[in-house]
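# Summary of structural features
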Protein chains: 2
Amino acid sequence: MQNLFSLIANADNCIKNGQEINSGVLSELKCIVNINKYIGVAQININSGNLEFNSKKIAKYIKFAENIGLEALIFPELSLLGYPLQDTISRFPNIIKEAEKWLNALAKLAENTVVLVGFPEFYKENLYYNSIAVLHHSGIKGVFRKNIISFSSRINDEKYQVPSSESGFISYDNSLSDASLYNKYNIFVGADSLNKVNDNNSIISIVCAANNYKANRELLKNKKLSNFAKNSSKPLLYVNQVGANDNIMFDGISCAYNSKGELIARASAFEEQLLVVNPYEDIGKVYELPFGFEDYVFGRNEFSLNYDYDLERTYNALVLSVKDYFKKCGFKRAVLGLSGGLDSTVCAVIVADAIGKENVYGVSMPSHITSSESKSDAEQLANNLGIHFTEAPIRSMIDTTTESFNELFSKVECDWNDRYKKSFTPDNIQARSRAMILWGISNEFPSCIPIATSDKSEAYMGYATINGDMSGGFAPIADVTKTKLFALARWLNKNRNEKNVIPESVIQKRPGAELAIDPKTGKPLIAEDALMPYEFLDEIIWRIENRQETYDDMLKSTFTYEKQHDISKEQKEEWLKKFYKRMSTAFYKWSIMPPFVAIEPHSINKCDYVQPITSSGINYIGVSDEYINECLA
Amino acid sequence: MQNLFSLIANADNCIKNGQEINSGVLSELKCIVNINKYIGVAQININSGNLEFNSKKIAKYIKFAENIGLEALIFPELSLLGYPLQDTISRFPNIIKEAEKWLNALAKLAENTVVLVGFPEFYKENLYYNSIAVLHHSGIKGVFRKNIISFSSRINDEKYQVPSSESGFISYDNSLSDASLYNKYNIFVGADSLNKVNDNNSIISIVCAANNYKANRELLKNKKLSNFAKNSSKPLLYVNQVGANDNIMFDGISCAYNSKGELIARASAFEEQLLVVNPYEDIGKVYELPFGFEDYVFGRNEFSLNYDYDLERTYNALVLSVKDYFKKCGFKRAVLGLSGGLDSTVCAVIVADAIGKENVYGVSMPSHITSSESKSDAEQLANNLGIHFTEAPIRSMIDTTTESFNELFSKVECDWNDRYKKSFTPDNIQARSRAMILWGISNEFPSCIPIATSDKSEAYMGYATINGDMSGGFAPIADVTKTKLFALARWLNKNRNEKNVIPESVIQKRPGAELAIDPKTGKPLIAEDALMPYEFLDEIIWRIENRQETYDDMLKSTFTYEKQHDISKEQKEEWLKKFYKRMSTAFYKWSIMPPFVAIEPHSINKCDYVQPITSSGINYIGVSDEYINECLA
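Residues numbered from 1 in each chain as written. Chains lettered and ligands numbered in written order. Predicted model: local features only at pLDDT ≥ 70, side-chain atom pairs only at ≥ 80, totals over all residues. Heavy atoms only, no water.

Let us now look at the overall build of chain A. When its secondary structure is counted, chain A shows 23 helices and 18 strands. In terms of overall size, chain A behaves like a compact globule, its C-alpha atoms giving a radius of gyration of 27 Å where 633 residues would be expected to give roughly 26 Å. The buried share of chain A, taken over its 633 residues, is 66%. Partitioning the intrachain contacts of chain A with sequence separation of at least 6 by distance along the chain shows that 69% fall at a separation of at least 24. Surface exposure of chain A reaches about 22,800 Å², of which carbon and sulfur atoms provide 47%. For chain A, the distance from the average site of its 68 positive side-chain charges to the average site of its 78 negative ones is 2 Å. (Helix = DSSP H or I, 4+ residues; strand = E, 2+ residues; numbered from the N terminus. Rg over C-alpha atoms; globule rule 2.2 N^0.38 Å. Buried < 20%, exposed > 50% of the residue type's maximum accessible area, 1.4 Å probe, protein only. Contact = heavy atoms within 4.5 Å. Areas by Shrake-Rupley, 256 points an atom, 1.4 Å probe, with all protein chains shown as cover. Lys, Arg positive; Asp, Glu negative; His and termini not counted. Charge placed at Lys NZ, Arg CZ, Asp CG, Glu CD.)

Here it is, written out as structure tokens:
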């Protein structure tokens, strides 16, 4: 059967690239598929709200399925509309009626193959059923409707989707024969619905889903699906969306199980793919997942600086997040500042791999503080990677701005006489001048956006400049901590097709923004000296996100860093307090961060976590009863 | 009874300002209150998550109530914790246990007065009951728990609050006598719970709420509360939060009804206030609401440029939104660019009224395009208003940046040869240089943030510069359309204590950013010439937000603008298409807008409306069946 799978892969590539499928391939496929009960599982990447784009894609697969004679072809939940749409329905409800028009046209293409397509079925103003249409014999024969609308945090499904009380096939023309024909498919909309076994004479269970990607879900999902197949003694197909939309991502990994619950087919993660499977005769192909994906169940139980098992998954997710944001928004090019530091270096590699090196411009923007090593590292990286590169010194911009500022601040000081003795203004002028340059290029050249290079450790510390380095059209690594970025850089050097594009000196040097001179050393300030060791910082983040640990919990725990370094209790307290203090003033920055996809089980991505900016007065450390009594006395 | 109310107002002011209450006032109040059944309704403004701040405030009112002998004192839903906290519980669940400590201490203060305080009652990890504690005889006697957790869009209550199946008083020590004592209060947590009449021998209904402010809710709320009192033949008290937290606001307007459903007391809108009422004997005072507030039910049925009835409400809401953001985040000062245009002018007035004129710095930042009239209007406004003012020309910054850019862009052009012939770069350099100056002042002087002056019409059109005029710490008027701002400016000149602070020429001139010269006129480009008439634009926004009208609906409707101007169908189509096109590319800007409070029934505030940035491919105009068939052929 290897022949079948390579033929399908060949045809699938042609469909994706808009090429004609070789007639030899088609006739071979017809021979194999026509004599058996093959079902197509179309793991597609769709555009939210773009009915034309989605319909054209769906049509291509329907035509292919008809052409080779598949029994059925299944698409993910809400494939036609695109998902998520968040609140769009509340302003543009006509999109539901427009979707109906496209669905009718798609139905005409489905003759012998039973096509299952997720679409929004009009219920009443602003409300729709999350339904799966059955397209067959050139018409819409009926629907299966979602019964449970699960709580989806900020996606707001509950507001616009109405749960149906009817289960099973609902015929559009009350035809009993249709009902008996299509009830052989026991359809579930979304994996959350997969709780009850509908004993309705079905011979196969099908789950059409759009499962928001979470780093730690794969094994759980696999278990749930397999158990359901086994308990119902029926094969099960699961088709999931793939692709990213702003902050939300779908990882694909559609799959099929036989009636014993054994995995017989599985699509890849993070890419569009047509899986063809015969679930009745255990014929299917299991594609490999990125290393470690399946084992990454609940995240780790202990914080560890060994990220090896998770880097392939991380890299693939990052690349897809960038690729899709660009494609779906209509951007083609990216410009980014190359500082010679770790963050901008890893961003450059990710973005180049996502949109093509010819579409990436790296700009070194040295100031008086920038070391010559940083400049040469930036250039070296650009050369190794093959992206465009230029240098744009910002010294004249800094000088002019500083001069204007000096005069202005002296004036303001006459009215507000408590001017800071030491401020971040000189640092920020540099960061903002750089952002000005990047947005300038974005203004001047078509379809080009700047990349924000902030990482997750910095985001928690608010260690990024508003309108400076945290500004950009997309923030690829905003959910990756600094210690993981180091590991990722090493992994990239070892595992990308082109090895060692990242200069070793970038990985070796201690990170610093090179915005200020440390008076103690006379050299550019090292970030860890201003904050705390990244190993320690990243473990705090991990403990809060994954374990919900409090200040006291952390004080009592032994950090990995403590096992390797002898630090005093006072030092630990100081770092923990600094963490909470800095984080409390970072909420505003979180609220205006460019979009990024959550890579870890928990993140500060807008769809995962929102804390009010005005909650900066929270006391995370807690108080004693004596203190309370004094306060209220 | 007028004496009672003025004494209460006097004492309330002392409490709010941290002053000692005059002993004469206290003894007079004791005489009046002790012989009747008076209840205090504490409409307080609290800080999300700041247990110490909230507890201290609650304690002050409890002490006062005890002092004068109130029967009961009621606080809004979740007063102790602060509300909303959004996702904070999921990272810092210990805040619930900390809240318990403060509650225990507060209980000791409540001896003879029955105190009802909203607090988070621990249920299990990450989950709490939204409860009202009964504090009496120096202890927590028990609780009333919320039964229905309403869907609250992006606030995420459903995720962290668990609905209780028990209704009525739940005694903490299973004391039957306590139950019979406190069940005389029929407590509802949140106005949404007010659906069933609990016939449990209560003598009064009490609603402790935190009702997210919506422009069109007051009359509805009033009706609901009044009907409930009438149908249950019992008096009803409603206590609501007041104040703003980032994007979410509470308007106060706590009130009391007698058993006939008649309004007997009402607190003011938008301010902290203690209402003292005897609901059994119809004794209470009804404070006036801002003009038009009560009639503004469902918004208007027709779009109108006459905003008169709504400007007092709008002004009060805007001022409170700014005041609270500053206070709760710990900011004291604001800096803003004064262009001499309408937006920055109205912002300056609002911000000065919110935080005090001595805390506001207006900066005129003229470029080569800025007219002398604009400069003098800016200065005139600052002088009239009494805020600090200075001029900081940006010409040298523009020149240096432009020079750096020219060299850089020529280099980039060698690799990317499709550079725009005409770009917005020169416009954006000006806007970004100005933002650089404002953020510079913010960096240099303590507790100071820049104000983003974009309005709602511009936000819809994406007519604002990233890292430029749309950047700032808060965006006061981002939910006010341009035509309403004109009306508001006139209203301010007529109704503020100091009349006519806004120069008439600011209101007379046609808005324009003065960033570019219109080649047709040789003068600064007028925004309406680049976009469309604001009267027309604002009506599109109104129709989409309030009527969910489609392109076709709008094409068929007659706009107010059309009644006054003769425009062709082609012109109308062009403007509508331009609207959708510009809006589709503005979603990114919406996602990074500084916080602002929704003033209208619908807004693009992050808590009201989110549309994926990647949904820019939506076709709002719709397509014909022929077009669809061609696409899928």
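Next comes the rest of the write-up.
Across all of its chains, the model carries 54 aromatic pairs over all chains by this definition. Both rings, one in Phe 536 of chain B and one in Phe 559 of chain B, keep their centres 4.4 Å apart while their planes meet at 20°; by these two values the pair is stacked. One end of the pair, Phe 536 of chain B, is in helix H18 (residues 534–547); the other, Phe 559 of chain B, is in the loop between helix H19 (551–556) and helix H20 (560–564), with 23 residues separating them in the sequence. Both residues of the pair, Phe 536 of chain B and Phe 559 of chain B, count as buried. Relative to Tyr 609 of chain B, the ring of Trp 590 of chain B has its centre 6.3 Å away and its plane inclined at 65°; by these criteria the two rings are edge-to-face. Placement of Trp 590 of chain B in helix H22 (residues 587–591) and of Tyr 609 of chain B in the loop between H22 and helix H23 (625–632) is noted, with a sequence separation of 19 residues between them. The same class applies to Trp 590 of chain B as to Tyr 609 of chain B, namely buried. Here the aromatic residues Phe 92 of chain A together with Tyr 460, Phe 579, Tyr 580, Phe 587, Trp 590, Tyr 609 and Tyr 620 of chain B are joined through ring pairs into a cluster of three or more. One cation-aromatic arrangement involves Lys 97 of chain B over Phe 122 of chain B; the distance from NZ or CZ to the ring centre is 4.7 Å. (Phe/Tyr/Trp six-rings, centres within 6.5 Å; stacked < 30°, edge-to-face > 60°. Lys NZ or Arg CZ within 6 Å of the ring centre and 35° of its normal.)

Quick look at the side chain of Thr 465 of chain A now. All names here are of chain A. Along the polypeptide, Thr 465 turns up in the loop between helix H14 (456–461) and helix H15 (482–495). A residue is classified by how much of its surface remains accessible, and Thr 465, at 7% relative accessible area, is buried. In contact with Thr 465, not counting residues within four places along its chain, are Asn 428, Ala 431, Arg 432 and Met 470.

All names here are of chain A. For strand S1 (residues 39–43), a buried count of five out of five residues is recorded, marking the element as mostly surrounded by other parts of the structure. By the alternation rule, side chains of S1 split into Ile 39, Val 41 and Gln 43 and Gly 40 and Ala 42, which are all buried. Here five bridges tie S1 to strand S14 (residues 273–277), and the two strands are oriented antiparallel to one another. Within the sheet, the bridge partner assigned to Gln 43 lies in S14 and is Gln 273. Sheet analysis places S1 next to strand S2 (residues 72–74), joined by three bridges and oriented parallel. (Pairing = 2+ DSSP bridges.)

This part is about the nonpolar core. As a rule of thumb, nonpolar side chains are buried together in soluble globular proteins. Within the largest apolar cluster, 338 residues are counted, with the highest numbers of intra-cluster contacts made by Phe 579 of chain A together with Phe 579 of chain B. In this structure, Phe 579 of chain B is in contact with Tyr 460, Met 461, Met 532, Leu 537, Ile 540, Ile 541 and Ile 544 of chain B, ignoring residues within four places of it in sequence. Counting residues in hydrophobic clusters, the runner-up holds 40 residues, among them Phe 445 of chain A together with Val 363, Ile 394 and Ile 437 of chain B. (Core = buried A, V, L, I, M, F, W, Y, C linked by side-chain atoms within 4.5 Å.)

Before going further, it helps to examine the state of the cysteines. Across all of its chains, the model carries zero disulfides over all chains by this definition. Not part of a disulfide, Cys 329 of chain A finds its nearest cysteine sulfur in Cys 448 of chain A, a span of 14 Å. Not engaged in a disulfide, the cysteine Cys 208 of chain B finds its nearest cysteine sulfur in Cys 255 of chain B; these two sulfurs lie 13 Å apart. On the accessibility criterion, Cys 208 of chain B (0% relative accessible area) is buried. (Disulfide = S-S within 2.5 Å.)

Moving on, we get to the relation of the copies chain A and chain B. Rotating chain A by 180° and translating it 0.0 Å along the rotation axis places it on chain B, where the RMSD comes to 0.0 Å. Such values leave the two copies arranged in the relation of a two-fold axis. Residue Ile 592 of chain A, judged by its C-alpha, is the member of chain A lying nearest the rotation axis, at 2.2 Å. Mapped onto chain B, 100% of the interface residues of chain A again fall at the interface, so both copies present the same surface. (Least-squares fit on C-alpha atoms with pLDDT ≥ 70 in both.)

Turning our eyes to something else, we now look at the interface of chain A and chain B. Contacts between the two partners involve 126 residues from chain A and, on the opposite side, 126 residues from chain B. For chain A, the biggest contributors to the area lost against chain B are Arg 91, Trp 416 and Leu 632 of chain A; these three give 9% of the whole. The interface formed by chain A and chain B contains six salt bridges. Across the contact surface, chain A and chain B share 54 residue pairs in polar contact (both at pLDDT 80 or more). Looking at side-chain class alone, the side of chain A that touches chain B contains 56 nonpolar, 42 polar and 28 charged residues. (Buried area = accessible area lost by both parts, 1.4 Å probe. Salt bridge = Lys/Arg side-chain N within 4 Å of Asp/Glu carboxyl O. Polar contact = N/O pair within 3.5 Å; in protein donor to acceptor, adjacent residues only side chain to side chain. Nonpolar A, V, L, I, M, F, W, Y, C, P; charged D, E, K, R; others polar.)

Here we come to the pattern of salt bridges. By the definition in use, this model includes 68 salt bridges over all chains. Salt-bridge contacts for Asp 455 of chain A lead to Lys 482 of chain A; the nearest nitrogen and oxygen are separated by 2.9 Å. Of this pair, Asp 455 of chain A sits in the loop between strand S18 (448–450) and H14 while Lys 482 of chain A sits in helix H15, placing them 27 residues apart in sequence. Using a relative accessible area of 3% as the deciding quantity, one classes Lys 482 of chain A as buried. Two residues, Lys 221 of chain B and Glu 218 of chain B, come together in a salt bridge whose shortest N-O distance is 3.2 Å. Of this pair, Lys 221 of chain B and Glu 218 of chain B are both found in helix H8 (residues 218–232), three residues apart, which corresponds to roughly one turn of the helix. There is no split in this pair, since Lys 221 of chain B and Glu 218 of chain B are both buried.

Right, let's get into the sheet that holds strand S15 (residues 333–337) of chain B. All names here are of chain B. In spatial order, the strands read S17-S16-S15-S18; together these four strands make up an open sheet with parallel pairing. This sheet does not close on itself; its edge strands, each paired only once, are strand S17 (388–391) and strand S18 (448–450). Direction aside, the axes of adjacent strands within the sheet are offset by 20° on average. Bridge count for strand S16 (residues 360–364) against S17 is four bridges, and the pairing is parallel. When the bridges of S17 are listed, Gly 362 appears paired with Phe 389. Packed on one face of the sheet, helix H10 (residues 342–355) meets S15 and S16 and runs near 170° to S15. Those strands touched by helix H11 (residues 372–385) are S16 and S17, and its axis lies near 160° from that of S17. (Axes fitted to C-alpha atoms, helices over the stretch in contact; angles between N-to-C directions.)

Residues and elements named next belong to chain A. Their axes nearest at 11 Å, the elements helix H18 (residues 534–547) and helix H21 (residues 569–584) cross at an angle of 60°. Considering only the axes of H18 and H21, their crossing is right-handed. Residues Phe 536, Leu 537, Ile 540, Ile 541 and Ile 544 of H18 lie in contact with H21, whose contacting residues are Lys 572, Trp 575, Leu 576, Phe 579 and Tyr 580. Here the residues of the contact of H18 with H21 sort into nine nonpolar, no polar and one charged. (Left-handed = near helix turned anticlockwise from the far one by under 90°.)

Moving on, we come to the confidence of the model for chain A. Residues at a pLDDT of 70 or more form 98% of chain A, whose mean pLDDT is 94. Two summary scores accompany this predicted model of the complex, namely pTM at 0.96 and ipTM at 0.95. (pLDDT = per-residue confidence, 0-100.)

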